[in-house]
Amino acid sequence: MAGLKRRVPMHSLRYFISMVGLFSKSGLLPWYARNPPGWSQLFLGTVCKGDFTHVVATKCQKGQKSQKKPSHLGPLDGSWQERLADVVTPLWRLSYEEQLKVKFEAQKKILQRLESYIQMLNGVNVTTAVPKSESLPCLLHPIIPSPVINGYRNKSTFSVNRGPDGNPKTVGYYLGTWRDGNIVCVRSNNLKNIPEKHSQVAQYYEVFLRQSPLEPCLVFHEGGYWRELIVRTNSQGHTMAIITFHPQKLSQEELHVQKETVKEFFIRGPGAACDLTSLYFQESTMTRCSHQQSPYQLLFGEPYIFEELLSLKIRISPDAFFQINTAGAEMLYRTVGELTGVNSDTILLDICCGTGVIGLSLAQHTSQVLGIELVEQAVEDARWTAAFNGITNSEFHTGRAEKILPGLLKSKEDGQSVVAVVNPARAGLHYKVIQAIRNCRAIRTLVFVSCKLHGESTRNIIELCCPPDSAKKLLGEPFVLQQAVPVDLFPHTPHCELVLLFTR
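Everything numeric here is computed off the predicted structure, so don't read it as measured data. (Residues numbered from 1 in each chain as written. Predicted model: local features only at pLDDT ≥ 70, side-chain atom pairs only at ≥ 80, totals over all residues. Heavy atoms only, no water.)

(A) Helix 6 (residues 326-340), seen in detail. For helix 6, with 15 residues, the first-to-last C-alpha span of 21 Å sits near the 21 Å given by 1.5 Å per residue. If you check which residues of helix 6 are buried, you get Thr326, Gly328, Ala329, Met331, Leu332, Tyr333, Thr335, Val336, Gly337, Leu339 and Thr340. Tucked inside the fold, the buried residues of helix 6 contact strand 9 (305-309), helix 7 (357-361), strand 14 (418-422), strand 15 (443-450), strand 16 (480-487) and strand 17 (497-503). By the N-cap criterion, in which a side-chain oxygen at the helix start approaches the backbone nitrogen of a residue two or three places on, helix 6 is capped by Asn325, the distance to Ala327 being 3.4 Å. Positive phi shows up at Gly341, right after helix 6, with a value of about 60°. (Helix = DSSP H or I, 4+ residues; strand = E, 2+ residues; numbered from the N terminus. Expected span 1.5 Å × (residues − 1). Buried < 20%, exposed > 50% of the residue type's maximum accessible area, 1.4 Å probe, protein only. Contact = heavy atoms within 4.5 Å. Polar contact = N/O pair within 3.5 Å; in protein donor to acceptor, adjacent residues only side chain to side chain.)

(B) Representation of the nonpolar core in the model. Residues Leu111, Leu349, Ile437 and Leu500 are the most contacted members of the largest nonpolar core, which totals 48 residues. A per-element tally of this core places helix 3 (residues 96-121) first, with seven residues. With residues up to four places along the chain from it excluded, the contact list for Leu111 reads Leu136, Pro137, Cys138, Leu140, Leu481, Ala484, Leu498 and Leu500. Of all hydrophobic cores here, the second largest spans 47 residues; its members include Met240, Tyr280, Leu310 and Tyr333. (Core = buried A, V, L, I, M, F, W, Y, C linked by side-chain atoms within 4.5 Å.)

(C) Local environment of unusual backbone geometry. Positioned with a positive phi, Gln248 is a non-glycine residue whose angle comes to about 50°. Look at Asp275: it is not a glycine, yet its phi comes out positive at around 55°. Following the sequence through the fold, Asp275 ends up in the loop between helix 5 (252-267) and strand 7 (278-283). Residue classification places Asp275 among the exposed positions, given a relative accessible area of 58%.

(D) Here's a closer look at the sheet that holds strand 4 (residues 184-186). Read from one edge of the open sheet, seven strands run 4-3-2-5-6-7-8, paired in mixed fashion. In this open sheet, the two strands that pair with only one neighbour each are strand 4 and strand 8 (297-301). Adjacent strand axes in the sheet meet at a mean angle of 35° when their direction is disregarded. Bridge count for strand 2 (residues 155-161) against strand 5 (residues 226-233) is four bridges, and the pairing is antiparallel. Opposite Thr157, over in strand 5, you have Ile230 as the bridge partner. Helix 4 (residues 196-211) contacts strand 2, strand 3 (170-175), strand 5 and strand 6 (239-245) of the sheet and is inclined by roughly 155° relative to strand 5. (Pairing = 2+ DSSP bridges. Axes fitted to C-alpha atoms, helices over the stretch in contact; angles between N-to-C directions.)

(E) Region of interest: the sheet that holds strand 1 (residues 139-140). The strand order across the open sheet built from eight strands is 1-16-17-15-14-11-12-13, with neighbouring strands paired in mixed fashion. Each of the sheet's edge strands pairs with one partner strand only, and the pair in question is strand 1 and strand 13 (394-398). Bridge count between strand 11 (residues 347-351) and strand 14: five bridges; the pairing is parallel. Each residue of the ladder has a partner; that of Asp350, found in strand 14, is Val421. The sheet contacts of helix 8 (residues 376-388) involve strand 12 (368-373) and strand 13, and relative to strand 13 the element is tilted by about 170°.

This is the structure we're talking about:
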């Protein structure tokens, strides 16, 4: 990361001195004023069975200038940073062109494995079928590169735990495993996928923690309070921070003091250097809490951040899903739009729609957009985005897709064409969602987006393509996998989005 050497302004020092009396009455010491630590086009592969030139972007950065390592890192810290980079961004030592070659070959192997499963489902003896090295179930297009290679993440989650020096108030990413009991929390300053702004906020959160009299919550049953930090940014440079806090047995008055303390740190203390657009605080007694389980409390600033994408202004709530690479997401959604082939007579069904960007970006080309999403705040964002952008032919439903989808599809059996888009979490789709899609005759085209086509997602594909099976209530005509397009949203990592087109 580029060096970020800031000194605490004199007005901040005077502010801290003035706060001593206030916090000493509550048994809290003010954070001590000190200097925070220093900071120190491309197509890949030969297309298999075809071409896809109408989708790929015309511009792609081949990389960015190398950036200086944080000046405060000694030899030991440097080795920890390198080890962390090898775990979080295993491909960081390769050129981006070499990374894309690795990913393209990985997607080929995934599709070859799928082909083996599909052949077995159709009674083909895989030992006498086309050799595995040449057998693909569909047309595989070249990988679409990310327009941004370094610092592309718009959301980062930082943990709190013991660092290499044993300090339990270290903010960063984990090395090791809980099972082996060798967890070490290492600062993210050198990770190529993390923006400088995210690391800056994490560094100041660490400064705050180390001056707070309250201990961090490392293991729930051992007590402690301060937990993880989430940082979200947009392309305009706005920054939202979300701090998770275990309340233990603190009274509401004591909780209020903690909220005011961290709020003042980021408004008038050293943390003001982060220039946060908003700061949220969530009291959580579980590993993960939704807004419904424990509301996000806005301590200051704007309640949302906004993004410009595909000519839409999009609203994003603290816990709403949004692809972590904004420029790459635009490439991904354009690819999905190309593959859907929607027209003015088509109903677009957007399952696991998040903030609704895919459906809303195609709304002008369809008769209606129907979105389903579990996170209520994301649905509210989608409705806001539709209204703000003057889109009147969309509906968004909150809840589990397996409960909403069957009833929603019953009314779509009147002959009107339905195109479905699914972009599930890594756990894949619930089997009832697969049943509903298979058994709805109106769905002739399906676009499936997956960043990890393993486990349940593989099972989803198999059940979409298998012969009718009354025991599994898969009665509809099977889908046929026609095309696959890899889209890289995660440079320096082995991960890649794979967009699959099915028809029947």
